[in-house]
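Structural characterization, general
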2 protein chains.
Amino acid sequence: MTETIPAATVGASGPLSPAALHGELGAVRRGLRATDDEELLARVVLAALAEPGDGVAGRLAAALGHARLAALLRAGTGAAALHEAAVAAGETLAARQLGQAMDRWRPRMDAARIALGVRRAAAIGARLLVPGDEAWPSGLDDLGEHAPHLLWVRGDPGALRTPGVALVGARAATGYGQGVAIELAAGLADRGMGVVSGGAYGIDGAAHRSALASGGTTVAYLAGGIDRLYPAGHEELLRSIIERGAVASEVPPGSAPTKWRFLQRNRCIAAASAATVVVEAGLRSGSLNTAAHAATLGRPLGAVPGPVTSPASAGCHRLLREFDAVCIVDAGQAGELAGIEPGELDRPAASTAAASPAPPQPARAGSTEVRVRDALSRRTARSVGEIAARSGLSTAEVMGVLGRLDLEGAASRRPEGWVAVRAAG
Amino acid sequence: MTETIPAATVGASGPLSPAALHGELGAVRRGLRATDDEELLARVVLAALAEPGDGVAGRLAAALGHARLAALLRAGTGAAALHEAAVAAGETLAARQLGQAMDRWRPRMDAARIALGVRRAAAIGARLLVPGDEAWPSGLDDLGEHAPHLLWVRGDPGALRTPGVALVGARAATGYGQGVAIELAAGLADRGMGVVSGGAYGIDGAAHRSALASGGTTVAYLAGGIDRLYPAGHEELLRSIIERGAVASEVPPGSAPTKWRFLQRNRCIAAASAATVVVEAGLRSGSLNTAAHAATLGRPLGAVPGPVTSPASAGCHRLLREFDAVCIVDAGQAGELAGIEPGELDRPAASTAAASPAPPQPARAGSTEVRVRDALSRRTARSVGEIAARSGLSTAEVMGVLGRLDLEGAASRRPEGWVAVRAAG
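Everything numeric in this text was worked out from a predicted model, so none of it was measured. (Residues numbered from 1 in each chain as written. Chains lettered and ligands numbered in written order. Predicted model: local features only at pLDDT ≥ 70, side-chain atom pairs only at ≥ 80, totals over all residues. Heavy atoms only, no water.)

**Let's talk about the overall build of chain A**
- Helix and strand content of chain A: 18 helices and eleven strands.
- Over its C-alpha trace chain A gives a radius of gyration of 31 Å, far above what one expects of a compact globule, namely 22 Å for 425 residues.
- A principal-axis box enclosing the C-alpha atoms of chain A has dimensions of 110 × 45 × 40 Å.
- Scored against the burial criterion, the 425 residues of chain A give a buried share of 57%.
- In chain A, the proportion of contacts linking residues at least 24 apart, taken out of those at least 6 apart, comes to 71%.
- Accessible surface for chain A amounts to roughly 16,800 Å². Of this, 52% is attributable to carbon and sulfur atoms.
- Positive and negative charge centroids in chain A, built from 43 and 41 side chains respectively, lie 5 Å apart. (Helix = DSSP H or I, 4+ residues; strand = E, 2+ residues; numbered from the N terminus. Rg over C-alpha atoms; globule rule 2.2 N^0.38 Å. Buried < 20%, exposed > 50% of the residue type's maximum accessible area, 1.4 Å probe, protein only. Contact = heavy atoms within 4.5 Å. Areas by Shrake-Rupley, 256 points an atom, 1.4 Å probe, with all protein chains shown as cover. Lys, Arg positive; Asp, Glu negative; His and termini not counted. Charge placed at Lys NZ, Arg CZ, Asp CG, Glu CD.)

Printed below as a string of structure tokens:
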């Protein structure tokens, strides 16, 4: 059913030629920085031939440039000649590895099908983003040879550059997990941060919805093509995200959301975000894969704890315990994880914190006031000597503290001795 | 009311003389290694004069020996002469600091009262433990100059040497927190570990009760004297602990459980345990003080997470976030924190863990099986070429995987192509 297309049909005049697709390429690039059609189409070809995360494609493209690599592939260059070109460009990829990659790509060299992807994107008003575009989420570049060649985007491409926190978690979320996702997303939106997720049921959906409800920016990275709003039950939610944020994918329109692509999509979520927070996840949740990508990339990783009796939080607890994830309990901490200084919005919380105790410290001799207060009674008046004996302090220290407590109204001198006074209010 | 006693009355023939208390000292030491009455009484005197954690007393005793220090104090030696003796013994304590300490101790130099403490202990069948005794919890020595001079113990002194985990937490515990304390204590008891706590309401009580119910060893360190079973509502529980474990305190019988002594008692709980786990604690819980002592001592510190919506867990989350506490979700992890290798008892749990996924790993090209499975349908038969194009794999790879899946019964070859087969069971 797939055929290896003779070089002629994918050349300058075939269905995949820049000339044939000039109109569509213009449509999917409108308003973006000029990039020549040849380069754009080369990325489209690579993204169609190689599965997301294919490191051989990434290394060859880095060595030869996308345009040259695509031209060589479209000219029907064999593995040996391609390897020679790569070696000449300084790439040390083994010939065998390259041969295997060519074997993977060959079944997909279907010019008409690749061209159809571009036409579909143009038809639904999608945009094609490539590295270097202003809206390109530059964090993706940290994926190196595994970085996507492009992104198909529906909605506002600018949303992809809003500094964001990935809020991810299990599809099978509990009411607790969804509640926390809602609080975190709303708080991040209030702080001007974007919320990045995967559009799935459960935690993802709660995070996206709450960001939208708070007037925030939200981006969903999809595993399949952007023309297939998956899962079906989230079609309306994903349309809302397209209207007020963005939906993005690196696979061509028409692609199915396979399990493999979910795993690879997760690397984009982690790489495109300033930090990743796993809100609720069982031990087998796919969101732990996103967490692993974040950790591999050196991105700050947070996890929200939950009851230890809840299997739905067991994955989060594992991240806290074994993967050095930071314990996150509110949006202020999620923002801080992403490098946002606690600002205006955290002030009320900060002032509460000021009223809360200083970091726990082992108590040491010296807290004479605590000891004098311990030795005072509200009912029985006590002499300075007795207070000294009870508190284990000298009479001089006791008198000093009693004077202070007297001024503060916390102790009172009576003819028969000193008594404690309950603080007013 | 307290009087400075002339040296004569505290000398060889006074109420505090080793001779006068020989019988009582024998009673509180029965069965323990011989230590001369002079040394024992010296520690009793120091523990009565200085509040728990008094570093000056600790440093002087380390420099001069308890017996010599007590003898100097009982002889009415002045601060200047004591300082001279300390300096001669190599102790660099400032004269002013020593003078202040003497001023703190002077109001307590009441020989009759100190002797009464020993008599009370003997009357209730308590034991007096000192460093070097077989049952002395050697971890206390890590407190250095702040270490207790002795311990008054009711129950089985041997319980103090059972390697134990401190389970501590808020008095105002929730049902969740108490439930977790019960599970942890029972699991530790099953592993032969002791449960150390403070005998308080809430988490402490749940931990003690569960250890007892599981036939385990449990020890309660009290802030007041061991003759005052505090809090009153736990008198029966504390009596059960005395029967089947031990209750210990460094302050003389008759002492009140003051706030200061609670804070100092916490250092004993942390130091006497192989690890400290805070089960449930609000931001102001006293158990955070125990946690701080554990951290200062370099003892492993764990915290049990809870719902972020529960203020009763906020202190635990703070420990996880800011104090590098280890996230603890079950007794196996608590035991591991204390250095107990997961053993026989963890096998069932371990075999469950073996069935659970490997540590989360970013997925990379190479998981060809996942990709071939993604490309297979249970309803529509597909050719090898189509599966190759869908999966982004070479036809050779696809055939290899299909052969394997066929053997495993996960894929099946039909005249019109390959289909996926749902795994049985």
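What follows picks up the thread again.
**A look at the UniProt feature "domain: Smf/DprA SLOG" (unreviewed entry) in chain A**
- As recorded in UniProt, the feature "domain: Smf/DprA SLOG" (unreviewed entry) lies at residues 128-331 of chain A.
- Its end C-alpha atoms 32 Å apart, residues 128-331 of chain A is made of 35% helix and 18% strand. (UniProt positions renumbered as here; feature names shortened; annotations may be inferred.)

**As for the pairing of strand S6 (residues 246-249) of chain B**
All names here are of chain B.
- Across the two faces of S6 the burial is the same, with Ala246 and Ala248 and Val247 and Ser249 all buried.
- Of the strand pairs in this sheet, strand S2 (residues 151-155) and S6 are connected by four bridges, and their pairing is antiparallel. Looking at the pairing, arginine 154 lines up with valine 247 of S6.
- Judged from the three bridges that link them, strand S5 (residues 218-221) and S6 form a sheet pairing that is parallel. From the neighbouring strand, tyrosine 221 faces S6, where its bridge partner is alanine 248. (Pairing = 2+ DSSP bridges.)

**Observations regarding the environment of isoleucine 242 of chain A**
Residue and element names in this part refer to chain A.
- Within the element layout of this structure, isoleucine 242 appears in helix H10 (residues 235-244).
- Judged by its relative accessible area of 17%, isoleucine 242 is buried.
- Here the alpha-carbon distance between isoleucine 242 and leucine 320, two residues 78 residues apart in the chain, equals 34 Å.
- Ignoring any residue separated from it by four or fewer positions in sequence, one finds isoleucine 242 in contact with Arg154, Gly155, Asp156, Leu229 and Val247.

**Focus on unusual backbone geometry**
All names here are of chain A.
- Omega for the bond connecting tyrosine 230 with proline 231 falls within 30 degrees of zero, at 0°, which places this linkage in the cis form.
- Looking at where proline 231 falls in the secondary structure, it is placed in the loop between strand S5 (218-221) and H10.
- A positive phi angle is found at aspartate 324, which is not glycine, with a value near 60°.
- Of note, aspartate 324 is situated in the loop between helix H13 (314-322) and strand S9 (326-327).
- Looking at aspartate 324, the relative accessible area reads 66%, which means it is exposed.

**Observations concerning the relation of the copies chain A and chain B**
- Between chain A and chain B, which share one sequence, the superposing operator has a rotation angle of 180° and an axial displacement of 0.0 Å; the RMSD is 0.1 Å. The superposition operator between the copies reduces to a two-fold rotation axis.
- Both copies contact each other with a shared surface, as 100% of the interface residues of chain A are interface residues in chain B too. (Least-squares fit on C-alpha atoms with pLDDT ≥ 70 in both.)

**Details of the interface of chain A and chain B**
- Opposite the 71 residues of chain A that make contact, chain B presents 71 residues.
- For the pair chain A and chain B, the summed buried area comes to about 5,700 Å², and 63% of that belongs to carbon and sulfur atoms.
- At the junction of chain A with chain B, the criterion picks out two salt bridges.
- Viewed at the interface, chain B and chain A are joined by 18 residue pairs in polar contact (both at pLDDT 80 or more).
- Each residue belonging to the side of chain A that touches chain B can be placed in one class, and the counts come to 31 nonpolar, 22 polar and 18 charged. (Buried area = accessible area lost by both parts, 1.4 Å probe. Salt bridge = Lys/Arg side-chain N within 4 Å of Asp/Glu carboxyl O. Polar contact = N/O pair within 3.5 Å; in protein donor to acceptor, adjacent residues only side chain to side chain. Nonpolar A, V, L, I, M, F, W, Y, C, P; charged D, E, K, R; others polar.)

**Digging into the packing of aromatic side chains**
- If you walk through the whole model with that rule in mind, you get two aromatic pairs over all chains.
- Relative to phenylalanine 262 of chain A, the ring of tyrosine 230 of chain A lies with its centre 6.0 Å away and its plane at 55°, an arrangement referred to as tilted. Placement of tyrosine 230 of chain A in the loop between S5 and H10 and of phenylalanine 262 of chain A in helix H11 (residues 259-272) is noted, with a sequence separation of 32 residues between them.
- On the basis of relative accessible area, phenylalanine 262 of chain A is assigned to the buried category, the value being 17%.
- Between the NZ or CZ atom of arginine 171 of chain B and the centre of the ring of phenylalanine 262 of chain B, over which it lies, the distance is 5.5 Å.
- The positively charged end of arginine 371 of chain B is found above the aromatic ring belonging to tryptophan 260 of chain A, 4.6 Å away from the centroid. (Phe/Tyr/Trp six-rings, centres within 6.5 Å; stacked < 30°, edge-to-face > 60°. Lys NZ or Arg CZ within 6 Å of the ring centre and 35° of its normal.)

**Digging into the nonpolar core**
- The biggest cluster of nonpolar side chains holds 67 residues, and the ones touching the most others in it are Leu160 and Tyr221 of chain A together with Leu160 and Tyr221 of chain B.
- Broken down by element, this core gets its largest block of residues, five residues, from H11 of chain A. (Core = buried A, V, L, I, M, F, W, Y, C linked by side-chain atoms within 4.5 Å.)

**Focus on the pattern of salt bridges**
Residue and element names in this part refer to chain A.
- For the coordinates displayed, the defined rule picks out 40 salt bridges over all chains.
- With its nearest N and O atoms 3.5 Å apart, the salt bridge here joins glutamate 386 to arginine 390. Of the two residues, glutamate 386 and arginine 390 both sit in helix H17 (residues 384-391), four residues apart, roughly one turn of that helix.
- Judged by relative accessible area, which is 17%, glutamate 386 ranks as buried.
- What you see here is one network of salt bridges that share partners, running through Glu369, Arg373, Arg404 and Glu408.

**Observations regarding helix H6 (residues 79-88) of chain B**
All names here are of chain B.
- Looking only at H6, the buried set comprises Leu82, His83, Ala85 and Ala86. For H6, the angular spread of the buried residues around the axis is 160°, confining them to a single face. Facing away from the buried side of H6, by more than 90 degrees, are the exposed residues Ala80, Glu84 and Ala88.
- Buried residues in H6 make contact with helix H4 (55-64), helix H5 (66-74) and helix H7 (95-105).
- Taken from the residues just after H6, glycine 90 is the one with a positive phi, measuring 95°. (Arc of directions from axis to C-beta.)

**Some thoughts on the domain arrangement of chain A**
- Along its sequence, chain A is organised into domain 1 (7-123), domain 2 (151-342) and domain 3 (368-420).
- Computed over C-alpha atoms only, the centres of domain 2 of chain A and domain 3 of chain A are separated by 58 Å. (Domains from an automatic or database assignment.)

**Concerning the packing of helix H17 (residues 368-375) of chain B against helix H19 (residues 395-408) of chain B**
Residue and element names in this part refer to chain B.
- Put simply, H17 and H19 touch, their axes get as near as 10 Å, and they point 80° apart. As the angle between them shows, H17 and H19 are arranged roughly perpendicular. Contacts from Thr368, Glu369, Val372 and Arg373 of H17 reach H19 at Glu397, Val398, Val401, Leu402, Arg404, Leu405 and Glu408. (Axes fitted to C-alpha atoms, helices over the stretch in contact; angles between N-to-C directions. Parallel < 35°, antiparallel > 145°, perpendicular 65-115°, else oblique.)

**Notes on the environment of glutamine 333 of chain B**
- Considering the arrangement of structural elements, one finds glutamine 333 of chain B in helix H15 (residues 331-337).
- Overall, glutamine 333 of chain B belongs to the buried group, its relative accessible area being 15%.
- For the pair formed by glutamine 333 of chain B and arginine 161 of chain B, sequence separation is 172 residues and the distance between their alpha carbons is 21 Å.
- The residues touching glutamine 333 of chain B, leaving out its near neighbours within four places in the chain, are Arg321 of chain A together with Cys327 and Ile328 of chain B.
- Here valine 329 of chain B takes part through its backbone nitrogen, which lies 2.8 Å from a polar atom of the side chain of glutamine 333 of chain B.

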